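# Descriptive structure summary
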Amino acid sequence: MSIVILNGPNLNMLGIREPEIYGTESLDDIKNWLVDESGIDFQWFQSNSEGDLIDQIQTSQLEKTDIVINPGAFTHYSYGLHDALSSHKAAGLVSIECHLSNPAARESFRQNSVISPAVTGTIAGFGKNVYLLALQEIKSRRGN
Ligand code: DQA
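### A short note on the sheet that holds strand β2 (residues 43-46)
- The parallel open sheet is built from five strands, whose spatial order is β2-β1-β3-β4-β5. Two strands close off the open sheet at either side, each with one partner strand: β2 and β5 (121-124). Between one strand axis and the next, the sheet turns through 20° on average, direction left out of account.
- Two elements, strand β4 (residues 95-99) and β5, share four bridges in a ladder whose sense is parallel. By the bridge assignment, Ile 96 is partnered in β5 with Gly 121.
- Strand contacts of helix α2 (residues 27-38): β1 (3-7) and β2, with the helix running at about 170° to β2, the strand carrying the most contacts.
- On the sheet, helix α5 (residues 129-142) packs against β1, β3 (66-70), β4 and β5 and is oriented at approximately 165° with respect to β3.

What counts as what
- Residues numbered from 1 in each chain as written.
- Predicted model: local features only at pLDDT ≥ 70, side-chain atom pairs only at ≥ 80, totals over all residues.
- Heavy atoms only, no water.
- Pairing = 2+ DSSP bridges.
- Helix = DSSP H or I, 4+ residues; strand = E, 2+ residues; numbered from the N terminus.
- Axes fitted to C-alpha atoms, helices over the stretch in contact; angles between N-to-C directions.
- Contact = heavy atoms within 4.5 Å.

In structure tokens:
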């Protein structure tokens with residue numbers, strides 16, 4: 001079983017960016033916490049660029065790697081990410097969309113995800129625990 005966690009635009013600013021919404025921990029803090037807390041092996045990637053994220057999803061499909069993704073604002077308008085994830089899912093792989101905040105309870109433009117129809121499931125609104133829950137779900141599905 002192989003898993004990659006992908007983080008989209010502006011998530012490299014966690015800890016600085018609107019801490020009242022996203023918390024005071026940096027993305028590195030969250031990664032280190034996940035390593036300790038989950039005991040699950042995963043790869044980790046962040047990019048502010050849509051194309052880099054699409055490249056990572058395509059590689060994950062070819063290498064049969066499951067995906068946890070926080071697409072950031074691309075959640076709301078990236079059909080490129082949608083199509084890459086749709087192809088990944090059609091190949092029988094698992095993908096989980098995660099959000100630290102609960103976009104459904106925020107501004108109206110955040111209330112639609114073009115990513116949700118292309119993934120296995122979505123977890124939102126529980127801060128950094130969303131990544132842990134997603135890893136645990138993939139682990140239990142893969143049975144090891
Ligand atoms: C986010 C929610 C998105 O609406 C926003 O654009 C982000 C972060 C979250 O983790 O809550 O960048 O994906």
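Read on, since the account is not over.
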